[in-house]
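Residue-level structural notes
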Amino acid sequence: MATFLYRIGRFAFRRRHFVALIWVALLTLAGVGAASAPTPGNTSFSIPGTEAQKAFDLLEQRFPGMSADGATARVVFKAPSGEKMTDAGNKAAVEKTVGELGGGPEVASVADPYTGHAVSKNGAVAYASVKYKVSGMELEDSTRDDLEKAAQHARDAGLSVEIGGDALNATPETGSSEIIGIAIAAVVLVITFGALLAAGLPLLTAIIGVGIGVASITALASALDLGSTTSTLATMIGLAVGIDYALFIVSRYRAELAEGREREEAAGRAVGTAGSAVVFAGLTVVIALVGLSVVNIPMLTKMGVAAAGTVAIAVLIALTMIPALLGYAGRKIKPTGEKSRLLGGGRTPKRPGRPNMGTRWARFVVRRPVAVLVLGVLGLGAAALPAASLELGLPDDGSQPVSTTQRRAYDLLSEGFGPGFNGPLMVVVDAKDSAAPKDAFAKVGAEIKGLKDVVTVTPAAPNKAGDTATITVVPNSKPSSVTTEDLVHAIRDKGADITRDTDAKVLVTGSTAMNIDVSQKLNDALLPYLALVVGLAFLLLIVVFRSVLVPLKAALGFLLSVLAALGAVVAVFQWGWLAGLMNVEQTGPVMSMMPIFMVGVVFGLAMDYEVFLVTRMREAYVHGETPGQAVVTGFKHGARVVTAAAVIMIAVFSGFIGSSESMVKMIGFGLAIAVFFDAFVVRMAIVPAVLALLGKRAWWLPKWLDRALPNVDVEGEGLRAHADPEEEKELVRA
C-alpha cells in the first residue's frame, strides 16, 4: 500500500499539470451537469415494512385519488379580541380564503370550517384543512406561494392567521455561523502551518471536493430521487474530512522536508505514509455511511451513499491533487518548524530545543497512565449519565421556534381544540375478508372509544366498495408524548383482538403513527447497524495495525465517546441545560435518528484520528523504538495535527448549531461534542494511557493471523527500498 501510494504521490508531483487539469475537468463536468439537470420535485418518502406505510399503501388501492400520503395544511384563524369566528365579517373572510385555497392544481380538497365543525367551543379559533395530491416534498413552490397568499388576504381582513402541517416546509436557515465555522478552520490551519499558502491548500482542495460531490448530487437528484438534505449532509461531512485528510498529508510533507528530503521525494513519502492512513480512515467513514442502508429507510440509504461518495472524492483529491499543488507551491511550503516571514518566520526561538506540547503531554501520560485513564473514563462516564433518560421521537410543529408560523398554528390549535388535535390518528379498517364489514367498522369505533387518552372518534368513512373504512381518532395528549405512543400501541393491540373476532384487519397510520413507527424501526436497527459497522471497521483496523488489542481499544473508546455525546444531547435538548446559550426554544424528545446517525458519522470520523495518530506510533515501534518511546514519537509528530483537525471539524459542525431547524441544530451540536470527546479525551488521553499500560502486548497478533492477513504496510517500511542509500546515511548521521 505505502509503495503504491508513494508512486502516486511522486507521479502527481511531477505531472501536476495533468492531475490539476483532470480535477478541474471533473469539477466543470459536475457543474455543467448540475446546471443542466431538471429541478428535482418528486422526492418520495416511504418506510417499508412499517404498519403506517402498509396502511398508506392500502388506502392508495382502496381509495383511488385519495392521496393518503399527500401533504396537508391547516390554515388556522383567530378572531380579534372580543369577536368570534362565527361573526358575519369574520365568516365571510374565512369563506373567501377557503375559495382561494381550493384553486390550485395540486389541491385535492379543502374543508370549510363552518361545515366541518372546525370551530372551537369558545368561537375564538377555527381552521381550514387543505389536502394535496402529492407529498410535502413534491409540492411545487407555486403551490406554497398560493397558500401563503391566501393566508395573507385573511390577515388583511383583520384575522390572525397561521399555517401548520407538512405542506409549508420552510428551508432551514443556518445564518452566518456556518461561515464562521469555515473561518475558524482557516485560522487554525494558519496557526498550525505558520504559513498562509500551506493553510490554504487543505481549504482549497476540500472546497473542490465538496463542489464536485454536491454538484454531482444535484445533477443526479431528479434521476435518483435525492432530497435537499442529501446535499446538506454531503457538505457537512465532505468539508470536514476533506480539510482533515489534506491537513494530514501537507503536515507529513513538511515533516519530510524537515528531515532533509528533496521535495518530490517528500511528496511521495507523505502520500505513502500519511496517505495510507487517509485511505483507511476514509474506508471507515465510507463503511459507516453506506452501512446506514441496513435501516431500510430509502431516504437515509441515499443520504449515506451520497455522503460516502463525497468522502471517497475527498480521499482521491488528498492523494493526487495535494501533491500536485505542492509541486506548484515549490519552496513556498516550508519544512515543519519554519514559518513564513509574514507570520514571524526567521525569528530566533525563545527556548530552542524545547520539546513541543505533544511530546510533553505524551511523556506525562506514559508516566501516569492509570491516573489519566481513570480520570478520562470517569469524566466520559459522568457525561454519559443523562443518556439513561434518553427519550426518542420525531419532531413536529411543536418543536419549531416560536417565531415560525407552523409553531404558532400548533399553539393556536392546542389552545382551541386540545393538545392532541395536532396529531390525529387515522385508523384504517380492512374488512375485505370479513362477513359483516359494517359490524366490523362499528366494533372498531366502539373499542377505540373505550381506551384511555381518547377525546374524539369519528364515525367510520367507508369506500365505495364498502370493504375498507377510515376512522379518525383525536388523542388527549400532544403528538410527541409517551401517552400518545401508548395509545397507538393500545389501538393496535385491540386490532389484533378484533381481527380474531371479525376477520377485519386494523391498521393505525397518520403522521403521528408514522413517526412512532420510524422511531421504532431506527431503534430496532441500531444494534445490527452497530455490529456491522464496528465489526467491519474492527477487521479493517486489525489489518492496518496488525494487532488485536489496539482495534478493540479503538472500538471501546468510540462507544464511550458516543454515549457521552448522547448524554450531552439529552442534557441540552431534552432537559434544557444551556438551552438559552444554544438558542433551543423548545425541549422535548431527542430525534430518533440521532443515535444511529451519530454512531455512523462519528465512528467514521473518530477513526481518522485513531488511524493517523496510532499508525505514527506503529511506524516508530516497527522501526525499533520501545512501546513507551513509540507513544511519545507518535504524539511528537501527530498531536498538533490531530488537535488542529479536531478543532476544524468541531468548528465546521458547530456552524450548523445556528440553524433555525431543530433537527439540524441537534445534529450539529451532537457531532461537534462527539468529536470533542473522542479527539481530546479518548484519542489524546485514554489511547496513550492504554498503550502505555499494555506495552508490547498492544502490538500482539497471533502468528496464524499474522500469516493470513495481507501486509498493507501502512507504516511505510517498504519505502526504505526507494530511498537513496547515501541519503539514508546522511539522515542517520543527522
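Keep in mind it's a predicted model, so treat the numbers as computed, not measured.

**Thoughts on the overall build of the chain**
Looking only at helices and strands, the chain features 22 helices and eleven strands. Compactness check: the chain gives a C-alpha radius of gyration of 30 Å against a globular reference of 27 Å for 734 residues, within 12% of the reference. Considering only C-alpha atoms, the chain reaches an extent of 95 × 50 × 45 Å along its principal axes. Every one of the 734 residues in the chain was classed for burial, and the buried ones make up 54%.

**Thoughts on the packing of helix H11 (residues 357–367) against helix H19 (residues 627–654)**
In a packed pair of helices, the relevant descriptors are the angle between the two axes and the axis-to-axis distance. For the pair H11 and H19, interaxial distance at closest approach is 8 Å and the crossing angle is 150 degrees. Taken as axis vectors, H11 and H19 run roughly antiparallel relative to one another. As H11 packs across H19, the resulting crossing turns out to be right-handed. Of the residues in H19, those touching H11 at Gly358, Thr359, Trp361, Ala362, Arg363 and Val366 are Gly628, Val631, Val632, Phe635, Lys636 and Ala639. In terms of residue class, the contact of H11 with H19 is made up of seven nonpolar, three polar and two charged.

**Some thoughts on the pairing of strand E1 (residues 72–78)**
Counting buried residues in E1 gives five out of seven residues, a clear majority hidden from the surface. In terms of strand pairing, E1 meets strand E4 (residues 160–165) through six bridges, oriented antiparallel. Bridging across to E4, valine 75 finds its partner in isoleucine 163.

**With respect to unusual backbone geometry**
In this model, aspartate 453 sits at a positive phi of 70 degrees, which is unusual for a non-glycine residue. In this structure, aspartate 453 sits in the loop between helix H14 (437–449) and strand E7 (454–457). For arginine 546, which is not glycine, the phi torsion reads 50 degrees and is therefore positive. On the secondary structure map, arginine 546 appears in the loop between helix H16 (511–545) and helix H17 (549–574).

**So, a positive patch on the surface**
On the surface, Arg363, Arg367, Arg368 and Lys636 cluster together into a patch of positive charge. In this structure, arginine 363 sits in helix H11. Exposure remark for arginine 363: the relative accessible area of 40% places this residue in the partly exposed category.

**Section: the pattern of salt bridges**
The tally for this structure, following the rule as stated, stands at 20 salt bridges. Among the salt bridges present, the one from arginine 10 reaches glutamate 264, with a minimum N-O distance of 3.0 Å. Of this pair, arginine 10 sits in helix H1 (residues 2–14) while glutamate 264 sits in helix H9 (residues 263–290), and the two are 254 residues apart along the sequence. For the salt bridge of arginine 269 with glutamate 265, the shortest nitrogen-to-oxygen distance reads 2.9 Å. Residue arginine 269 and its partner glutamate 265 are both found in helix H9; the two are separated by four residues, about one turn of the helix. Across the pair, exposure class does not vary: arginine 269 and glutamate 265 are buried alike.

**Here we look at the sheet that holds E1**
Strand order in the open sheet formed by four strands is E2-E3-E1-E4, with antiparallel pairing between adjacent strands. Of all strands in the sheet, those with a lone pairing partner are strand E2 (107–111) and E4, marking the two edges. The sheet shows a mean angle of 20 degrees between the axes of neighbouring strands, direction not considered. This element, helix H13 (residues 405–417), spans E1, strand E3 (125–132) and E4 of the sheet and lies at about 100 degrees to E4.

**Quick notes on H11**
Of all the residues in H11, the buried ones are Gly358, Thr359, Ala362 and Val365. Take H11 and look down its axis: the buried residues cluster within an arc of 130 degrees, on one side only. Turned more than 90 degrees away from the buried face of H11 sit Met357 and Arg367, all of them exposed. In the core, the buried residues of H11 are packed alongside helix H12 (369–384), H19 and helix H20 (662–694).

**Section: the environment of isoleucine 22**
Along the polypeptide, isoleucine 22 turns up in helix H2 (residues 16–36). A C-alpha to C-alpha distance of 9.4 Å links isoleucine 22 and methionine 321, two positions 299 residues apart in sequence.

**Here's the deal with the nonpolar core**
Formed by 166 residues in total, the largest nonpolar core has its most connected members in Tyr245, Ile249, Tyr253, Phe558, Phe653 and Phe669. The element best represented in this core is H20, accounting for 18 residues. What phenylalanine 558 contacts, discounting residues up to four positions off in sequence, is Leu530, Val534, Val599, Val602, Phe603, Met607, Asp678 and Arg683.

**Comments concerning the confidence of the model for the chain**
With 90% of its residues at a pLDDT of 70 or more, the chain has an overall mean of 83. Taken element by element, the chain is modelled with least confidence in helix H22 (residues 725–733), mean pLDDT 42, and with most confidence in H12, mean pLDDT 94. Across residues 724–734, confidence stays below pLDDT 50; counting only partners more than four residues off in sequence or on other chains, it has six contacts.

**Examining H2**
Residues lying three or four places apart along an α-helix face the same way, a consequence of the helix completing one turn every 3.6 residues. End to end, H2 covers 30 Å across 21 residues, agreeing with the expected 30 Å (1.5 Å per residue, within 8%). Of the residues making up H2, those classed as buried are Val19, Ala20, Trp23 and Ala30. For H2, the angular spread of buried residues about the axis comes to 100 degrees, placing them on one side. With respect to the buried face of H2, the exposed residues turned more than 90 degrees away are His17, Leu21, Leu29, Ala35 and Ser36. Looking at the buried positions of H2, the neighbouring elements they touch are H1, helix H7 (196–224) and helix H10 (298–329).

**Here we look at the environment of histidine 637**
On the secondary structure map, histidine 637 appears in helix H19. Residue histidine 637 is classed as partly exposed on the basis of its relative accessible area, which comes to 26%.

**Section: a nonpolar patch on the surface**
On the surface, Phe11, Phe18, Ile22, Leu26 and Leu29 cluster together to form a nonpolar patch covering roughly 470 Å² of accessible area. Of the residues forming the nonpolar patch, the biggest block, four residues, is contributed by H2.

**Quick notes on the packing of H12 against H17**
Their axes nearest at 7 Å, the elements H12 and H17 cross at an angle of 40 degrees. It follows that H12 is oblique to H17 by the angle criterion. By crossing handedness, the relation of H12 to H17 is classed as left-handed. Residues Val377, Leu380, Ala383 and Ala384 of H12 lie in contact with H17, whose contacting residues are Leu560, Leu563, Ala564, Gly567 and Ala568. Residues of the contact of H12 with H17, tallied by class, amount to eight nonpolar, one polar and no charged.

**Regarding the packing of aromatic side chains**
Taken as a whole and judged by the stated rule, the model has ten aromatic pairs. Note on tyrosine 127 and phenylalanine 417: the rings are 5.4 Å apart at their centroids and 85 degrees apart in plane angle, and the pair reads as edge-to-face. Placement of the pair is tyrosine 127 in strand E3 and phenylalanine 417 in helix H13, with a sequence separation of 290 residues. Judged by its relative accessible area of 21%, phenylalanine 417 falls in the partly exposed class. Taken together, Tyr127, Phe417 and Phe421 form an aromatic cluster joined through their ring pairs.

Cut-offs used in this document
- Residues numbered from 1 in each chain as written.
- Predicted model: local features only at pLDDT ≥ 70, side-chain atom pairs only at ≥ 80, totals over all residues.
- Heavy atoms only, no water.
- Helix = DSSP H or I, 4+ residues; strand = E, 2+ residues; numbered from the N terminus.
- Rg over C-alpha atoms; globule rule 2.2 N^0.38 Å.
- Buried < 20%, exposed > 50% of the residue type's maximum accessible area, 1.4 Å probe, protein only.
- Axes fitted to C-alpha atoms, helices over the stretch in contact; angles between N-to-C directions.
- Parallel < 35°, antiparallel > 145°, perpendicular 65-115°, else oblique.
- Left-handed = near helix turned anticlockwise from the far one by under 90°.
- Contact = heavy atoms within 4.5 Å.
- Nonpolar A, V, L, I, M, F, W, Y, C, P; charged D, E, K, R; others polar.
- Pairing = 2+ DSSP bridges.
- Patch = residues over 30% accessible without salt bridge, like charges linked within 9 Å, V, L, I, M, F, W, Y side chains within 5 Å.
- Areas by Shrake-Rupley, 256 points an atom, 1.4 Å probe, with all protein chains shown as cover.
- Salt bridge = Lys/Arg side-chain N within 4 Å of Asp/Glu carboxyl O.
- Lys, Arg positive; Asp, Glu negative; His and termini not counted.
- Charge placed at Lys NZ, Arg CZ, Asp CG, Glu CD.
- Arc of directions from axis to C-beta.
- Core = buried A, V, L, I, M, F, W, Y, C linked by side-chain atoms within 4.5 Å.
- pLDDT = per-residue confidence, 0-100.
- Expected span 1.5 Å × (residues − 1).
- Phe/Tyr/Trp six-rings, centres within 6.5 Å; stacked < 30°, edge-to-face > 60°.

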